[in-house]
Amino acid sequence: MQFDPHQHRCTLIIDNQLPTGLALNAASVIGISFGKLVDHIVGPDLQSEDGFNYPGVIYAPLPVLLAEGGYLRELQKVSNADPEIFAMPFSALAQSCKTYEEYGERIASAHSDHIELVAIGLIGPKKKITGLTGNLKLFR
């Protein structure tokens, strides 16, 4: 996907029952994955007047919202059916693993219907993302 801040919106939606530390972990993991998988989402490095370098950040606001766990699954299904929406789901299974190898083994033996989502990141046309998330509360 090629991110265009004039056309696209991105957001993170976290399960409202997730403890703060796990919510921050989920948001961080999704953010890192967005940076790797979505072209043009991170801007170039910038320098302050006195020459300090500030590495590029995301081109657009990235609200972090809260939702019931079941709604995360609904968002995943909607995004899977819509080629204009890029989704980055994050599971409780991933959060419970100590290594990436363990995660790979466990996810390979799990059916997606039985994988509990704790967060999901969405990127897509502004109207579509707002329609899916506009009624959700901001994480505070």
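Residues numbered from 1 in each chain as written. Predicted model: local features only at pLDDT ≥ 70, side-chain atom pairs only at ≥ 80, totals over all residues. Heavy atoms only, no water.

Enquirer: Honestly, the environment of G134 in this entry has me stumped. Any pointers?
Expert: Locating G134 in the fold gives a position in the loop between α5 (126-133) and β7 (137-138). Judged by its relative accessible area of 57%, G134 is exposed. Residues G134 and L65, 69 residues apart in the sequence, show an inter-C-alpha distance of 9.5 Å. (Helix = DSSP H or I, 4+ residues; strand = E, 2+ residues; numbered from the N terminus. Buried < 20%, exposed > 50% of the residue type's maximum accessible area, 1.4 Å probe, protein only.)

Enquirer: Quick question: what am I supposed to make of the packing of aromatic side chains here?
Expert: Each aromatic ring pair is characterised by the separation of its centres together with the angle its planes make. The full count for this structure, using the stated rule, is two aromatic pairs. For the ring pair F34 and F86, a centre distance of 6.2 Å and an interplane angle of 50 degrees mean the geometry is tilted. Within this pair, whereas F34 is found in helix α1 (residues 20-37), its partner F86 is found in strand β5 (residues 86-91), the two being separated by 52 residues in sequence. Judged by its relative accessible area of 2%, F34 is buried. With a centroid separation of 5.7 Å and an interplanar angle of 70 degrees, the aromatic rings of Y100 and Y103 are classed as edge-to-face. (Phe/Tyr/Trp six-rings, centres within 6.5 Å; stacked < 30°, edge-to-face > 60°.)

Enquirer: Help me out: how do you make sense of the pairing of strand β1 (residues 8-15) in this one?
Expert: Looking along a regular strand, one sees the side chains alternate between the two faces of the sheet. In terms of residue burial, β1 counts as a mostly covered element, since seven of its eight residues are buried. In this structure, β1 lies alongside strand β6 (residues 117-125), joined through seven bridges in antiparallel fashion. Considered in β6, the bridge of H8 is made with P125. Bridge count for β1 against strand β4 (residues 64-67) is four bridges, and the pairing is parallel. Opposite L12, over in β4, you have V64 as the bridge partner. (Pairing = 2+ DSSP bridges.)

Enquirer: Explanation requested: the sheet that holds β7 in the structure shown.
Expert: Strand pairs in the sheet, formed through backbone hydrogen bonds, run parallel or antiparallel to each other. The five strands are arranged β5-β6-β1-β4-β7 in an open sheet whose pairing can be described as mixed. In this open sheet, the two strands that pair with only one neighbour each are β5 and β7. Where β5 lies against β6, six bridges are found, and the strand directions are antiparallel. Note that in β6 the partner of S91 across the bridge is L117. Sitting on the sheet, helix α2 (residues 69-81) touches β1, β4, β5 and β6, and the angle it makes with β6 is about 40 degrees. Docked against the sheet, α5 engages β1, β4 and β6, running at close to 150 degrees with respect to β6. (Contact = heavy atoms within 4.5 Å. Axes fitted to C-alpha atoms, helices over the stretch in contact; angles between N-to-C directions.)

Enquirer: Any chance you could explain a nonpolar patch on the surface here in plain terms?
Expert: A surface patch of nonpolar side chains, about 370 Å² in accessible area, is lined by L46, F52 and Y54. Examined against the element boundaries, F52 turns out to sit in the loop between β2 (46-47) and β3 (53-54). Residue F52 is classed as exposed on the basis of its relative accessible area of 53%. (Patch = residues over 30% accessible without salt bridge, like charges linked within 9 Å, V, L, I, M, F, W, Y side chains within 5 Å. Areas by Shrake-Rupley, 256 points an atom, 1.4 Å probe, with all protein chains shown as cover. Salt bridge = Lys/Arg side-chain N within 4 Å of Asp/Glu carboxyl O.)

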